Amino acid sequence: MTVPKLTLTMLGASGSGKTAYLHGMYNRLSMGVQGYYLYATDPDLDLDLAEDWARLRRTGAMPKATSERPIGYEFVFRRGMRDLMTIDCVDFRGNAALDRRSAAEDVALLEDRLSVSDSIILALDSEHVAEWVRHGAPGGLDRDDDPMEISRFSRAISRVFSNRLAEGEPVPGVTVLLTKADLLAERTGMRAAEALQTVGRNFPKLVPVLAGDGADGVTVALCAVQLGNFGAAAQATVDASRIAPKNLHLPVIFSLRHYLSEGIVRNRQEMGRLSASLDASRGELAALSQGFLGGFFKGAEKTNARQQIDRLVSSSSATAADLQKAQERCRELDDELRGIAIYRDGRLLTD
């Protein structure tokens, strides 16, 4: 089975913590989690990320926010020694999806990037999510008074889905990342698990375009992550002794799981197409073999038909093998995703 290449794009309002998450995720997975590993293909990038994390551990200095120039990363995601996928990841600054097209170059770059993305991560600051919970988890957040900018990010994402669905193309998997998850309990006064369950129950009201009525074709995971128990949300420097990473690897696991599931659908469709073509070719060969002296005068045509049948049988076998491997990998990944809220077509699948 060919190692897939996944195009991943990260979105989030300024200060949402997506850049810090990416650094923490890389550090966590580069050391290995449940046998899964992530490595930068560029050794210099690996050193840069390692140095940023070491600085955080020594001094509490958080990674700097992304500038107007998007930052690209290429990773290899492995299970033990086996490559599962390569990841082409780009981190855009928070306002890239919010500014006018004429405001900065990265606005147009983000639109182009989203149009080809296999996976999208939307980071929401848990400080603001907790405030939403404290106010009764209302629907219809005011566009002009939402620091998470959900409506504007939703518009950018829905455009991608609309275009892909219209063209019959696979749609991205979406992870809604609740960053700084320690703030869920702190700001709501609930236990962390209770606060997260409240968000999960009311998630269609928070991001209706992804999990509400009409979210046909959308698969989205709700994943709460944190680098540590840092308390106050916006800090350039934190208490390094309170670093306590949680769930940082799960968005990558979900991205691969969704990519493989889309591949399974395509493989099944291809199997159906190959089966129909094989039946047609066999019928053609049978027709060529019939009739008086048919085998004598139609030798070349019969040879071509037999060769076509051989090619179709070989393609069917390869596609069936890919399908089986993808299904096996999906079962492995499902074990890692237990307990994560996943919505498909607006319906909660797991909790």
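First, a word on scope: everything that follows refers to the structure included in this document.

Details of the nonpolar core
Core analysis: the largest hydrophobic core is formed by 46 residues, its most contacted members being Phe-75, Phe-77 and Ile-87. Excluding anything up to four places from it in sequence, Phe-77 contacts Leu-29, Tyr-36, Tyr-37, Leu-38, Arg-82, Asp-83, Leu-84, Met-85, Ile-87, Val-252, Ile-253 and Leu-256. Counting residues in each nonpolar core, the second largest holds 41 residues, with Leu-110, Phe-153, Ile-157 and Val-220 among its members.

Focus on helix H7 (residues 192-201)
Along H7, the residues that are buried comprise Ala-195, Thr-198, Val-199 and Gly-200. Residues of H7 that are buried make contact with helix H4 (126-134), strand E6 (173-179), helix H6 (182-188), helix H8 (203-206), strand E7 (219-224) and strand E10 (341-344).

Quick look at the environment of Leu-38
For Leu-38, the position within the fold is in strand E2 (residues 36-40). Look at Leu-38 and you get buried, because its relative accessible area is 0%. For the pair Leu-38 and His-249, spaced 211 residues apart in sequence, the C-alpha separation works out to 9.3 Å. Contact partners of Leu-38, with chain neighbours within four places excluded, come to Met-25, Tyr-26, Leu-29, Ser-30, Phe-75, Val-76, Phe-77 and Ile-87.

Quick notes on the packing of aromatic side chains
Counted under the stated rule, the structure contains 5 aromatic pairs. Their ring planes at 15° and their centres at 5.7 Å tell us that Tyr-73 and Phe-75 sit as a pair that is stacked. Assigned by exposure class, Tyr-73 and Phe-75 land together as buried. A centroid spacing of 5.1 Å and a plane angle of 40° characterise the contact between Phe-203 and Tyr-343, whose relative ring orientation is tilted. Of this pair, Phe-203 sits in helix H8 while Tyr-343 sits in strand E10, placing them 140 residues apart in sequence. By relative accessible area, which is 2% here, Tyr-343 ends up buried. One aromatic cluster in this structure is built from Tyr-26, Tyr-73 and Phe-75. The side chain of Arg-79 reaches across the aromatic face of Tyr-36, ending 4.6 Å from its centre.

Topic: the packing of helix H3 (residues 105-115) against helix H5 (residues 150-167)
Each pair of packed helices can be summarised by the angle the axes make with each other and by the distance between the axes. Interaxial distance between H3 and H5 falls to 9 Å at its minimum, and their mutual angle equals 40°. Viewed along their axes, H3 and H5 adopt a mutual orientation that is oblique. The interaxial crossing formed by H3 with H5 has right-handed handedness. Two secondary-structure elements touch here, H3 through Glu-111, Leu-114 and Ser-115 and H5 through Ala-156, Arg-159, Val-160 and Arg-164. Along the lines of polarity and charge, the residues of the contact of H3 with H5 split into 3 nonpolar, 1 polar and 3 charged.

Some points on unusual backbone geometry
Look at Lys-180: it is not a glycine, yet its phi comes out positive at around 55°. Here Lys-180 is to be found in the loop between E6 and H6. Exposure remark for Lys-180: the relative accessible area of 18% places this residue in the buried category. The backbone of Asn-247 shows a phi angle near 65°, a positive value even though the residue is not glycine. Relative to the assigned elements, Asn-247 resides in the loop between strand E9 (243-246) and helix H10 (250-288). Since its relative accessible area comes to 33%, Asn-247 is described here as partly exposed.

A look at the pattern of salt bridges
Taken as a whole, this structure holds 10 salt bridges when the rule is applied. The closest approach of N and O atoms between Glu-74 and Lys-5, which form a salt bridge, is 3.6 Å. Taken together, the residues Glu-74 in strand E3 (residues 71-79) and Lys-5 in strand E1 (residues 5-12) connect sequence positions 69 residues apart. Classification of Lys-5 as partly exposed rests on a relative accessible area of 45%. For the salt bridge of Arg-134 with Glu-131, the shortest nitrogen-to-oxygen distance reads 3.0 Å. Placement of both Arg-134 and Glu-131 in helix H4 is noted, with a separation of 3 residues, approximately one turn of the helix. Judged by its relative accessible area of 36%, Glu-131 is partly exposed. One connected set of salt bridges, linked through shared partners, spans Glu-127, Glu-186 and Arg-187.

Structural notes on the packing of helix H1 (residues 18-31) against helix H2 (residues 43-59)
Where H1 meets H2, the axes come as close as 10 Å, and the angle between the chain directions of the two elements is 105°. With respect to H2, the axis of H1 lies roughly perpendicular. From H1, His-23, Gly-24, Tyr-26 and Asn-27 reach across to H2, where they touch Asp-46, Leu-49, Asp-52 and Trp-53. Split into classes, the residues belonging to the contact of H1 with H2 amount to 3 nonpolar, 3 polar and 2 charged.

Each value, and the rule that gives it
- Residues numbered from 1 in each chain as written.
- Predicted model: local features only at pLDDT ≥ 70, side-chain atom pairs only at ≥ 80, totals over all residues.
- Heavy atoms only, no water.
- Core = buried A, V, L, I, M, F, W, Y, C linked by side-chain atoms within 4.5 Å.
- Buried < 20%, exposed > 50% of the residue type's maximum accessible area, 1.4 Å probe, protein only.
- Contact = heavy atoms within 4.5 Å.
- Helix = DSSP H or I, 4+ residues; strand = E, 2+ residues; numbered from the N terminus.
- Phe/Tyr/Trp six-rings, centres within 6.5 Å; stacked < 30°, edge-to-face > 60°.
- Lys NZ or Arg CZ within 6 Å of the ring centre and 35° of its normal.
- Axes fitted to C-alpha atoms, helices over the stretch in contact; angles between N-to-C directions.
- Parallel < 35°, antiparallel > 145°, perpendicular 65-115°, else oblique.
- Left-handed = near helix turned anticlockwise from the far one by under 90°.
- Nonpolar A, V, L, I, M, F, W, Y, C, P; charged D, E, K, R; others polar.
- Salt bridge = Lys/Arg side-chain N within 4 Å of Asp/Glu carboxyl O.

In short, geometric facts, not functional conclusions.
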